[in-house]
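Structural overview for review
The chain contents come next:
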Amino acid sequence: MPKINRRQLLAFTSAIIPSFLASKLDSAQAFSLEKAATSSIGAKVAKSSAVKVGQTQIFSGSSASGTSIEVVLTRTSKGLFALDGACTHNGCGVAAQGSKLVCPCHGSIFASDTGANLMGPNGAPKNTLQPLTKYKVTEKAGYIYIK
Ligand code: FES
């Protein structure tokens, strides 16, 4: 195993750590619909590159009233979709499973693009629940915005 001295270790860590922290902070930044209320484009949620075709990602932020919310972004060959991550049954946060969103509380399933209810709570038929709330989604200069 090669030996490295303290100076080499310091040079390595001072070069790596700032860029690592910058990338983490950028990807972990929470959005705020409240702060973006006067913006015509809405709140910046993520980099466009964070949601590739065939992927669903969930981002945390705050609503127009300042409460915590999660937004589900899904990119398909048909486009980019933004949904509220709160289940329309009792408000639990949905989780992504392939092209579906599953509620961990009572097992309801929603489509990750349209938000349509594919299965109701505890195995109830589809469309038992309202679809997930949709947001208007826009991409500009490499970022995704919702309103
Ligand atoms: S809260 Fe989601 S199924 Fe009950």
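Please read these numbers as outputs of a predicted model, since none were measured by experiment. (Residues numbered from 1 in each chain as written. Predicted model: local features only at pLDDT ≥ 70, side-chain atom pairs only at ≥ 80, totals over all residues.)

Before going further, it helps to spend a moment on the sheet that holds strand 4 (residues 68-76). Reading across from one edge, 1-3-4-5-10 is the order of the five strands in this open sheet, with mixed pairing throughout. Both outer strands of the open sheet, strand 1 (31-32) and strand 10 (134-135), are each paired with one neighbouring strand and no more. In this structure, strand 4 lies alongside strand 5 (residues 79-84), joined through six bridges in antiparallel fashion. Among the inter-strand pairings, Val 72 is bridged to a residue of strand 5, identified as Leu 83. (Pairing = 2+ DSSP bridges. Helix = DSSP H or I, 4+ residues; strand = E, 2+ residues; numbered from the N terminus.)

What follows is about the pairing of strand 3 (residues 55-62). Examined bridge by bridge, strand 1 and strand 3 share two bridges and lie parallel to one another. Residue Ser 32 lies in a different strand from strand 3, and its bridge partner there is Ser 62. Bridging between strand 3 and strand 4 involves eight bridges; their strand directions are antiparallel. Looking at strand 4, one finds that Phe 59 is bridged to Val 71.

It is worth spelling out the confidence of the model for the chain at this point. For the chain, the mean per-residue pLDDT works out to 87, and 80% of the residues sit at or above 70. The model gives residues 12-27 a pLDDT under 50, and that stretch makes one contact with residues more than four places away or in other chains. (pLDDT = per-residue confidence, 0-100. Contact = placed C-beta atoms within 7 Å.)

With that settled, the discussion passes to the nonpolar core. Judged by nonpolar contacts, the single largest core of 25 residues is most densely connected at Val 45, Val 71, Leu 73, Ala 82, Ile 144 and Ile 146. Of all the elements, strand 4 adds the most residues to this core, at four residues. Apart from residues no more than four positions distant in its own chain, Ile 146 is found in contact with Gly 42, Ala 43, Val 45, Val 71, Ala 82, Tyr 135, Lys 136 and Val 137. (Core = buried A, V, L, I, M, F, W, Y, C linked by C-beta atoms within 7 Å. Buried ≥ 20, exposed ≤ 12 C-beta atoms within 10 Å, placed from the backbone.)

It is worth spelling out the sheet that holds strand 6 (residues 95-97) at this point. If you trace the four strands from one edge of the open sheet to the other, you get 6-7-8-9, paired in antiparallel fashion. Looking along the sheet, the strands with just one partner apiece sit at the ends: strand 6 and strand 9 (117-119). The mean inter-strand angle of the sheet, taken between neighbouring strand axes irrespective of direction, is 35 degrees. Where strand 6 meets strand 7 (residues 100-102), three bridges bridge the pair, whose relative direction is antiparallel. The residue of strand 7 that forms the bridge with Gln 97 is Lys 100. (Axes fitted to C-alpha atoms, helices over the stretch in contact; angles between N-to-C directions.)

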